[in-house]
Number of protein chains: 2
Amino acid sequence: MAAIKVHGSPLSTNTLRVLAAVYEKELDHEFVLVDKSAGEHKKEHFLSTHNPFGQVPAFEDGDLKLFESRAITRYIACEYADKGTQLIYQDSKKMAITSVWMEVEGQQYEQIAAKLAWELVYKPLLLGMSADKAIVEENEPKLAKVLDIYESRLAQSKYLGGDCFTLADLHHLPTLHYLFGTQVKKLFDSRPHVSAWIADITARPAWLKALAALQSQQ
Amino acid sequence: MAAIKVHGSPLSTNTLRVLAAVYEKELDHEFVLVDKSAGEHKKEHFLSTHNPFGQVPAFEDGDLKLFESRAITRYIACEYADKGTQLIYQDSKKMAITSVWMEVEGQQYEQIAAKLAWELVYKPLLLGMSADKAIVEENEPKLAKVLDIYESRLAQSKYLGGDCFTLADLHHLPTLHYLFGTQVKKLFDSRPHVSAWIADITARPAWLKALAALQSQQ
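So, a few notes on the structure that sits alongside this text. Keep in mind the model is a prediction, meaning the values are calculated, not measured.

Rules and cut-offs
- Numbering of residues starts from 1 in every chain and runs along the sequence as written.
- Whichever chain is written first is A, and whichever ligand is written first is 1; the rest continue in order.
- Where local features are concerned, this predicted model is filtered to residues with pLDDT of at least 70; where side-chain atom pairs are given and counted, the filter is 80 or more; whole-chain, interface and lining totals use all residues.
- Remark: hydrogens and water are excluded; side-chain values derive from all non-hydrogen atoms of the structure.
- Computed over the protein atoms alone on a 1 Å grid, cavities are sets of points where a 1.4 Å probe fits but cannot get out and pockets are open sets with protein on both sides within 12 Å along at least five of seven lines; a residue lines them when it has an atom within 4 Å of a point.
- Grid points are joined across faces, edges and corners, and a volume is the space filled by probe spheres set on the points.
- Strands here mean DSSP runs of E at least two residues long; helices mean DSSP runs of H or I at least four residues long; both are numbered from the N terminus.
- Think of it as three bins: nonpolar holds Ala, Val, Leu, Ile, Met, Phe, Trp, Tyr, Cys and Pro, charged holds Asp, Glu, Lys and Arg, and polar takes everything else, Gly as well.
- Each axis is a line fitted through C-alpha atoms, taken for helices only over the stretch in contact, and angles between the N-to-C directions span 0 to 180 degrees.
- These descriptions rest on fixed angle ranges, namely under 35 degrees for roughly parallel, over 145 for roughly antiparallel, 65 to 115 for roughly perpendicular, and the rest for oblique.
- Between two residues, a contact is recorded if the distance between any of their heavy atoms is within 4.5 Å.
- When DSSP locates at least two bridges between a pair of strands, those strands are taken to pair.
- Once two parts are brought into contact, the accessible area they lose, counted with a 1.4 Å probe and summed over both, makes up the buried area.
- A carboxyl oxygen of Asp or Glu within 4 Å of a side-chain nitrogen of Lys or Arg is what we treat as a salt bridge.
- Throughout this description, a polar contact denotes any pair of N or O atoms lying within 3.5 Å of each other; where both atoms belong to protein, one of them has to be capable of donating a hydrogen while the other can accept it, and for residues adjacent in sequence the pair is counted only when both atoms sit in side chains.
- Centres within 6.5 Å make a pair out of two Phe, Tyr or Trp rings, where for Trp the six-membered ring is used; the pair is then stacked when the planes are under 30 degrees apart, edge-to-face when over 60, and tilted otherwise.
- Categorising residues by exposure relies on relative accessible area from a 1.4 Å probe, with only protein chains included: less than 20% of the type maximum marks a residue as buried, more than 50% marks it as exposed, and the intermediate range marks it as partly exposed.
- Residues reaching a pLDDT of at least 70 in both copies supply the C-alpha atoms on which the copies are superposed by least squares.

### Structural notes on empty space enclosed by the protein
Logical step 1: Considering all chains together, one arrives at 2 cavities of 30 Å³ or more under this definition.
Logical step 2: As for the largest cavity, its lining consists of 14 residues, and the residues nearest its centre are Arg70(A), Glu103(A), Arg70(B), Met102(B) and Glu103(B).
Logical step 3: Mapped by element, the contributors of at least two residues to the lining of the largest cavity are helix 3 (69-79) and helix 4 (92-127) of chain A together with helix 3 (69-79) and helix 4 (92-127) of chain B.
Logical step 4: Along the lines of polarity and charge, the residues of the lining of the largest cavity split into 2 nonpolar, 6 polar and 6 charged.
Logical step 5: Taken as a whole, the second largest cavity encloses approximately 40 Å³ of empty space.
Logical step 6: What lines the second largest cavity is simply Pro10(A), Leu11(A), Leu16(A), Tyr178(A), Leu211(A), Leu214(A), Gln215(A) and Gln218(A).

### Notes on the packing of helix 5 (residues 133-156) of chain B against helix 9 (residues 192-202) of chain B
Axes are the key here: two packed helices are described by the angle between their axes and the distance separating the axes.
Residues and elements named next belong to chain B.
Logical step 1: At their nearest, the axes of helix 5 and helix 9 sit 7 Å apart, and the two run at 75° to each other. With respect to helix 9, the element helix 5 is oriented roughly perpendicular. Only Pro192, His193, Val194 and Trp197 of helix 9 make contact with helix 5, whose side of the interface consists of Leu147, Tyr150, Glu151, Leu154 and Ala155.
Logical step 2: Here the contact of helix 5 with helix 9 is composed, by residue class, of 7 nonpolar, 1 polar and 1 charged.

### Things to note about the sheet that holds strand 1 (residues 4-8) of chain A
Residue and element names in this part refer to chain A.
Logical step 1: Strand order in this open sheet of 4 strands is 2-1-3-4, and the pairing throughout is mixed. The two strands at the open ends of the sheet, each matched to only one other strand, are strand 2 (30-33) and strand 4 (64-67). Adjacent strand axes in the sheet meet at a mean angle of 20°, parallel and antiparallel pairs treated alike.
Logical step 2: Here 4 bridges tie strand 1 to strand 3 (residues 58-61), and the two strands are oriented antiparallel to one another. Considered in strand 3, the bridge of Lys5 is made with Glu60.
Logical step 3: Its contacts with the sheet put helix 1 (residues 13-24) on strand 1, strand 2 and strand 3, and the angle it makes with strand 1 is roughly 155°.
Logical step 4: Sheet strands in contact with helix 3 are strand 3 and strand 4, and its direction is about 135° off that of strand 4.

### A word on the interface of chain B and chain A
Logical step 1: In this assembly, 29 residues from chain B lie in contact with 29 residues from chain A.
Logical step 2: Both faces combined, the contact of chain B with chain A buries some 2700 Å², and carbon together with sulfur accounts for 63% of it.
Logical step 3: Across the chain B-chain A interface, the total number found is 0 salt bridges.
Logical step 4: At the junction of chain B and chain A, the tally comes to 8 residue pairs in polar contact (both at pLDDT 80 or more).
Logical step 5: Mapped onto the side of chain B that touches chain A, the elements with two or more residues apiece are strand 4 (64-67), helix 3, helix 4 and helix 5 of chain B.
Logical step 6: Residue composition of the side of chain B that touches chain A, by class: 14 nonpolar, 7 polar and 8 charged.

### Looking at the packing of aromatic side chains
Logical step 1: Scanning the entire structure with this criterion turns up 20 aromatic pairs over all chains.
Logical step 2: Ring geometry for Phe53(B) against Phe67(B): centres 6.1 Å apart, planes inclined by 50°, an arrangement best described as tilted. With a gap of 14 residues between them, Phe53(B) in the loop between helix 2 (44-49) and strand 3 (58-61) and Phe67(B) in strand 4 connect regions that are remote in the sequence. No difference in accessibility class separates Phe53(B) from Phe67(B), as the two residues are buried.
Logical step 3: By the ring-pair criterion, three or more aromatic residues cluster together here, those being Phe53(A), Phe67(A), Trp101(B), Tyr109(B), Tyr150(B) and Trp197(B).

### What about the relation of the copies chain B and chain A?
Logical step 1: With an RMSD of 0.0 Å, the fit of chain B onto chain A corresponds to turning through 180° and sliding 0.0 Å along the axis. This pairing of chains is accounted for by a two-fold axis.
Logical step 2: Comparing contact sets, 100% of the residues at the interface of chain B also lie at the interface in chain A, consistent with an isologous, same-surface contact.

### Focus on the layout of surface pockets
Logical step 1: Size it by volume and the second largest pocket reaches roughly 650 Å³.
Logical step 2: Lining the second largest pocket are 27 residues; nearest its centre among them are Arg74(A), Cys78(A), Arg74(B), Cys78(B) and Met95(B).
Logical step 3: Elements represented by at least two residues in the lining of the second largest pocket include exactly helix 3 and helix 4 of chain A together with helix 3 and helix 4 of chain B.

The following block contains the structure:
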């Protein structure tokens with residue numbers, strides 16, 4: 001039995017974020033499907049054992065239990081520094097700059113991208129409802145503004161955190177993947193450095209494996 | 001001239017977060033006032049030199065320039081590990097659990113607390129407008145739900161990240177400080193472990209110094 005377990009569910013961007021890190025590190029692991037349609041993530045066992053917030057993913061490495069996808073990927077990157085892809089820098093200043101762009105993802109990008117993904121992907125898919133146009137129209141220009149800053153950054157630096165692919169890039173992959181199937185794709189395509197960055201990071205073998213692994217659970 | 005500079009402005013919770021870490025570490029530093037009323041944070045110089053998002057705080061340590069308050073505090077905690085209060089754990093598993101609660105602050109608590117602080121503190125104070133009751137009524141129960149989870153956590157553990165005060169606690173201080181002057185205070189007061197935790201962390205000498213330092217800029 002694998003020491004590492006990822007408890008997650010299909011369509012969950014946060015689950016995908018953790019799987020992307022697990023595959024970059026080539027870690028043996030077991031995927032444990034959490035049946036959200038049966039409300040498994042809100043049941044007492046899941047709440048008390050895995051995540052009191054009732055969200056996926058949850059993560060185990062032996063007796064260590066974690067939740068919050070970005071905390072899990074940081075743990076994986078640090079604990080398994082010698083395996084697979086280096087996802088963080090050892091140098092403290094390079095790491096600090098990478099942390100800045102990790103926070104930009106969590107505090108700026110994701111707040112907007114998640115709203116657009118909810119309206120344009122999940123609402124139609126899960127609830128059979130159409131997107132709220134007002135919310136989309138409010139958030140598209142906000143995303144464009146963030147992407148203008150990414151465009152400048154990526155004109156100077158191959159990846160967000162520096163010369164190497166790091167967690168700062170990886171953390172964007174799941175929401176990007178879903179938004180790329182929507183009208184919002186044009187905002188990424190129209191910015192050449194952003195567009196080249198996306199082509200690069202979405203072609204990573206580990207990412208394609210993570211996607212395929214989660215899709216096989218559907 | 002101090003190598004460390006904190007560019008910030010009064011009333012900014014994100015500036016306070018960084019100052020709290022700077023004072024915990026007893027770091028020599030210079031505070032550089034950013035005149036937000038004159039729109040200094042949106043001017044070309046600030047955007048190109050300090051933060052392309054046009055937000056405070058920004059941070060310098062010699063030639064290293066950072067933004068995003070939580071990335072700055074992480075850098076301070078790692079780079080100055082030997083000075084002042086230990087704000088992170090060296091042990092990777094303890095640190096992973098601390099990271100979980102740092103993400104809980106950034107992704108769960110702050111999203112709700114910032115909305116309440118905007119309605120109940122900043123709108124009346126800065127714009128002379130009254131709070132939008134619907135937004136307050138929507139977010140109060142959400143905050144209560146998060147605090148129920150904190151109450152359980154703090155029944156088992158003196159601080160959020162473990163037995164010691166860490167960045168996971170420190171990151172909460174600024175928004176807590178402002179919400180404590182509002183009707184939302186009752187949500188904290190009614191939970192005994194949360195209440196004891198707040199009494200503890202808000203009495204820290206470094207926090208009181210950080211608060212006084214920022215207030216002296218007003």
